[in-house]
Amino acid sequence: MRYPTLLATGLALTAVAPALAADGERIQVTGEVIDTWCYFSGVMGGPDAVTGSAHHTCALWCSAGGIPVGLLGEDGQVYMVLKIAGDEHSNGGDTQLALASHEVKADGMLYRRDGINYLVVAEVVSDEGITHLNHEDFGPVPGFAIPDPNE
Amino acid sequence: MRGLLALLLAALGASVGSAHEGHIHPAPAADLSPQAPLPFALGGPFLLIDQHGMPRSEADPEGRAQLLFFGYAACEQICSVALPVMADAVDKLAATGVRVTPVMITIDPETDTEDVMRKRLAEVHPDFIGLTGQPAALERAYSAFGIERKRLFADQSGNDVFAHGSFIYLLDAEGRFLTLIPPILTPERIAEIVSSHLGSGAGG
């Protein structure tokens, strides 16, 4: 669920041009930080299997490998994360890796382009950790994402 | 363990073609409504050297729009996904009369010699342009698009593996930024976005 707000304080967007920033929309999104490639492509399984704890390890590898992270909102929409809480990356940064698969509430600016929601996260308001515990249903997805200590 | 990253993303790259029909949660259709300007500037002038040793700026000498990606020839991670997707999108656009040049600027100039890029990119698409240059010239291009790059480790073959920005940028023929495109989109969707910005029959 998104909450448009007029609050302007606390945003880490001071370096942007004010005239341009005005065309974004201040929102808060609650949802899960996801691996956008596996979610959209379906190559590793259905959406229920490529989120949550089942897909956590793969989400880490994908983020490190260059896949932009997204935020799967409670509204069912995916928000492509351009930057998050001062980390100048859309993937693979320390913040993105630390939040992979976590349920968070993000406060930031939404920019709609080409039918895609782009989110510049100013602040992670809350981080509930991994709450979508689906590994008991699916196991690790995919199984080969788990490193073999013997290799 | 390091090989897992390459294994995972190589598997992803190999699956791109079949994934198009397997969409379970397709991204929303292209929206032609007004675009929200991004809160940071993207694009700018650069002058680099292509894989044939010819100088090339941000402008396309043939007057075509461009799909620009920052990556490296030996990359088995996101580049193995993005470069073929770009090539497929270019072909789909060409079939509709929209000519677009795919361009990669290397983020690993130590490894990506002209010869290395010429061989690798020719495997992806005959029109693919690979650009390298002196460190200062490359830094100017990275800075224009906010590209961060970081060497992570050397893989089992001794090749450096980098983390790097992975969005695709649509530029017009003069090299002006038009929009950014997530590398996870299908070629069909990328072509749709490009067409919405250029219109059918654009490009030379």
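Residues numbered from 1 in each chain as written. Chains lettered and ligands numbered in written order. Predicted model: local features only at pLDDT ≥ 70, side-chain atom pairs only at ≥ 80, totals over all residues. Heavy atoms only, no water.

Caption draft 1: The overall build of chain B, seen in detail. For chain B, the helix and strand inventory stands at six helices and nine strands. For chain B, buried positions account for 50% of its 204 residues. Long-range pairs, those at least 24 residues apart, make up 71% of the contacts in chain B with a sequence separation of at least 6. A total accessible area of about 8300 Å² is found for chain B, and carbon and sulfur atoms account for 53% of it. (Helix = DSSP H or I, 4+ residues; strand = E, 2+ residues; numbered from the N terminus. Buried < 20%, exposed > 50% of the residue type's maximum accessible area, 1.4 Å probe, protein only. Contact = heavy atoms within 4.5 Å. Areas by Shrake-Rupley, 256 points an atom, 1.4 Å probe, with all protein chains shown as cover.)

Caption draft 2: Looking closely at the packing of aromatic side chains. Counting across every chain of the model gives seven aromatic pairs over all chains. Taken together, a centroid distance of 5.5 Å and an interplanar angle of 50° make the contact between B:Phe70 and B:Phe145 tilted. Taken together, the positions of B:Phe70 in strand S3 (residues 65–71) and B:Phe145 in the loop between helix H5 (135–144) and strand S6 (149–154) put the pair 75 residues apart, joining distant regions of the chain. The residues B:Phe70 and B:Phe145 share a single accessibility class, namely buried. Taking the centre distance of 4.9 Å and the plane angle of 50° together, the rings of B:Phe145 and B:Tyr169 count as tilted. Of this pair, B:Phe145 sits in the loop between H5 and S6 while B:Tyr169 sits in strand S8 (residues 168–171); the two residues are 24 residues apart in sequence, bridging distant segments of the chain. Residue B:Phe145 is classed as buried on the basis of its relative accessible area, which comes to 2%. Its relative accessible area of 5% is what places B:Tyr169 among the buried residues. Ring-pair connections join several aromatic residues into one group, and the members of that group are B:Phe70, B:Tyr142, B:Phe145, B:Tyr169 and B:Phe177. A:Lys83 extends its terminal NZ or CZ atom over the ring of B:Phe40, reaching a point 4.5 Å from the ring centre. (Phe/Tyr/Trp six-rings, centres within 6.5 Å; stacked < 30°, edge-to-face > 60°. Lys NZ or Arg CZ within 6 Å of the ring centre and 35° of its normal.)

Caption draft 3: Up close: unusual backbone geometry. Residue and element names in this part refer to chain A. One non-glycine residue with positive phi stands out, namely Ser101, at about 75°. One non-glycine residue, Asp114, lies in positive phi territory at about 55°. Here Asp114 lies in the loop between strand S4 (103–113) and strand S5 (116–127).

Caption draft 4: Representation of the sheet that holds S8(B) within the structure. Residue and element names in this part refer to chain B. The seven strands lie next to each other as S2-S1-S5-S4-S3-S8-S9, forming an open sheet whose pairing is mixed. The sheet terminates laterally at strand S2 (55–57) and strand S9 (177–181), the two strands that pair on one side only. Going across the sheet, the axis of each strand differs from the next one's by a mean of 35°, ignoring polarity. Pairing geometry for strand S1 (residues 47–50) and S2, over three bridges, is antiparallel. In the sheet register, Leu48 faces S2, and the bridge partner there is Arg56. Running at roughly 170° to S3, helix H3 (residues 78–95) makes contact with S3, strand S4 (100–106) and S8 of the sheet. Taken strand by strand, helix H4 (residues 114–124) contacts S1, S4 and strand S5 (129–132), and its axis lies near 160° from that of S5. (Pairing = 2+ DSSP bridges. Axes fitted to C-alpha atoms, helices over the stretch in contact; angles between N-to-C directions.)

Caption draft 5: Focus on the pairing of S6(B). Residue and element names in this part refer to chain B. Where S6 lies against strand S7 (residues 160–164), five bridges are found, and the strand directions are antiparallel. Within the sheet, the bridge partner assigned to Lys150 lies in S7 and is Ala163. Turn length for the S6-S7 hairpin, with the two strands adjacent in sequence and antiparallel, is five residues, and the turn residue Gly158 shows positive phi of about 90°.

Caption draft 6: Quick peek at the nonpolar core. By size, the foremost hydrophobic cluster in this structure holds 81 residues, and its most contacted members are B:Leu67, B:Phe70, B:Ile105 and B:Tyr169. Per element, the largest residue contribution to this core is eleven residues, and it comes from H3(B). In this structure, A:Tyr79, A:Leu99, A:Leu119 and A:Val121 belong to the second largest nonpolar core, which totals 14 residues. (Core = buried A, V, L, I, M, F, W, Y, C linked by side-chain atoms within 4.5 Å.)

Caption draft 7: Focus on H5(B). All names here are of chain B. Of the positions making up H5, those classed as buried are Leu138, Ala141, Tyr142 and Ala144. What you see down the axis of H5 is that its buried residues fit within an arc of 165°, all on one side. Structural note: H5 exposes Pro135, Ala136, Arg140 and Ser143 on the side pointing more than 90 degrees away from its buried face. Where H5 is buried, its residues meet S1, S3, S4, S5 and S6. Positive phi appears at Gly146, one or two residues downstream of H5, with a value of about 60°. (Arc of directions from axis to C-beta.)

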